[in-house]
Amino acid sequence: LIRLLNQWGVERVAIELPERKHTYEPTLPWSYDRAAFNAYYKDTVDLVKTAFNSISLFRQVPVARMQELANQKIDPLVDAPGIMNHLLMIRHTNDYTFEHSVNVAILSGVLGKWMGIRGQELRDLIFAGLMHDIGKSQIPAEVLNKPGKLLPQELEVMRMHTSKGYYLLREVPQVPTVVMWAVLQHHERMDGSGYPLKLKGDGIHKFARIISVADTYDAMTSDRVYRRRTTPYHVIDELFGQMCATLDPVVCSTFLYHVKDFMSGNIVLLSDGRQAKIVHPGNYPNGLPLVETADGQFVNLEKKREIKIYGLISA
């Protein structure tokens, strides 16, 4: 076991002694409690849903209200211990658009902090993440909620949400310019294959490049009307594949480096039907994890490639 730990770069471990004279249950902050987190999260999503519905009806963005939501409801979630695992275990409802907006705001804030962004700039990034899909309030419901692959003409309508969001925000004087750029450009890609302007590289605003990674990760780890969510381990492999082509390599590598820290201890379902605990998340950037099965067997999935992670049971 010591040799295996050394092989995986683990320098020290905590040991629980067989007998302890004193046991106690520490008081944990609300963010550790899954039920309390879920209630707080649902309340936040409901507030965002109300604001989005108001935009759909009146074509006016309640910016002050949305900024208040970002500052008072979403900022605390960015700092919540275990936030990445909390988001993975959310039971998604039919309010995907609103949940996705909240998730991308949280993930953008977390990723921004990992990149060293602080203060007002970080608050603007979180606000931009919350507003990134605001243009979808102007997309017909039959296109937005279609349970299946969009037809080419429907896809063109859907892609208009970036420019529609930009023009909605441009009418409001107090919206920071960086937020408008992020809303307009979050589907641009580093190789020029994105939309609406087919921008490349540094021509894409930094906020948009950060939100692109957060958007991709959350979309793939969430249930949709037309497909089931995939596991974060598969998403890591997908992000790694896009890192040097469509997504910003600095932003993407920062995300991949840090997100693995949240995986140790997660319970997964293996392709052979066994449940296992992630002991070590694997080497950076996309190495496969070391797992321990329920019967105490250690399996290095990097070497046992025939065994796959089929699903996430708990995080």
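Scroll up to find the structure this text is about.
Residues numbered from 1 in each chain as written. Predicted model: local features only at pLDDT ≥ 70, side-chain atom pairs only at ≥ 80, totals over all residues. Heavy atoms only, no water.

A. Examining the side chain of D215 more closely. With respect to the secondary-structure elements, D215 resides in helix α11 (residues 206-220). Within the buried core, D215 has no salt-bridge partner, and the shortest N-O distance to an opposite charge, that of R189, equals 5.3 Å. Side chain to side chain, D215 and H100 meet in a polar contact 2.6 Å long. (Helix = DSSP H or I, 4+ residues; strand = E, 2+ residues; numbered from the N terminus. Buried < 20%, exposed > 50% of the residue type's maximum accessible area, 1.4 Å probe, protein only. Lys, Arg positive; Asp, Glu negative; His and termini not counted. Salt bridge = Lys/Arg side-chain N within 4 Å of Asp/Glu carboxyl O. Polar contact = N/O pair within 3.5 Å; in protein donor to acceptor, adjacent residues only side chain to side chain.)

B. Layout of the pattern of salt bridges. Counted under the stated rule, the structure contains 10 salt bridges. For D79, the salt bridge goes to K113, with nearest N and O atoms at 2.3 Å. With a gap of 34 residues between them, D79 in the loop between α3 (63-78) and α4 (83-88) and K113 in helix α5 (residues 96-114) connect regions that are remote in the sequence.

C. Local environment of the pairing of strand β3 (residues 290-293). Of the strand pairs in this sheet, strand β2 (residues 275-280) and β3 are connected by 4 bridges, and their pairing is antiparallel. Pairing of A276 across the sheet is with T293, part of β3. Summarising the sheet, β3 and strand β4 (residues 298-300) pair through 3 bridges and their orientation is antiparallel. Looking across to β4, one finds that E292 is bridged to F298. (Pairing = 2+ DSSP bridges.)

D. Representation of the packing of aromatic side chains in the model. Counted by the stated rule, this structure contains 7 aromatic pairs. Note on F37 and Y41: the rings are 6.1 Å apart at their centroids and 25° apart in plane angle, and the pair reads as stacked. Of the two residues, F37 and Y41 both sit in helix α2 (residues 34-58), 4 residues apart, roughly one turn of that helix. Overall, F37 belongs to the buried group, its relative accessible area being 0%. (Phe/Tyr/Trp six-rings, centres within 6.5 Å; stacked < 30°, edge-to-face > 60°.)

E. Representation of the pairing of strand β1 (residues 267-270) in the model. Covered by surrounding structure in β1 are V268 and L270 only, the residues I267 and L269 on the alternate face being uncovered. Where β1 meets β2, 3 bridges bridge the pair, whose relative direction is antiparallel. Within β2, the residue paired with L269 across the bridge is Q275. Linking two consecutive strands that pair antiparallel, namely β1 and β2, is a turn of 4 residues; a positive phi of about 95° is found at G273 within it.

F. Just unusual backbone geometry, in detail. The omega torsion across Y195 and P196 is 10°, close enough to zero to call that bond cis. Looking at where P196 falls in the secondary structure, it is placed in the loop between α10 (177-185) and α11.

G. Structural context of the state of the cysteines. Here the structure, examined in full by the defined rule, presents 0 disulfides. You can see C244 has no disulfide; the closest cysteine sulfur is in C252, sitting 8.6 Å from it. (Disulfide = S-S within 2.5 Å.)

H. Region of interest: the side chain of D133. Residue position: D133 is located in the loop between α6 (119-131) and α7 (141-144). A relative accessible area of 2% places D133 in the buried class. Side-chain polar atoms of D133 contact the side chain of H132, separated by 3.2 Å. Sequence-distant contacts of D133, that is, excluding residues within four places in its chain, are made with F52, H100, S101, H161 and H186. (Contact = heavy atoms within 4.5 Å.)

I. Summary view of the environment of Q120. Structurally, the position occupied by Q120 is in helix α6. C-alpha separation for the pair Q120 and P285, spaced 165 residues apart in sequence, amounts to 30 Å. A polar contact is formed between the side chain of Q120 and the side chain of R123, at a distance of 3.2 Å.

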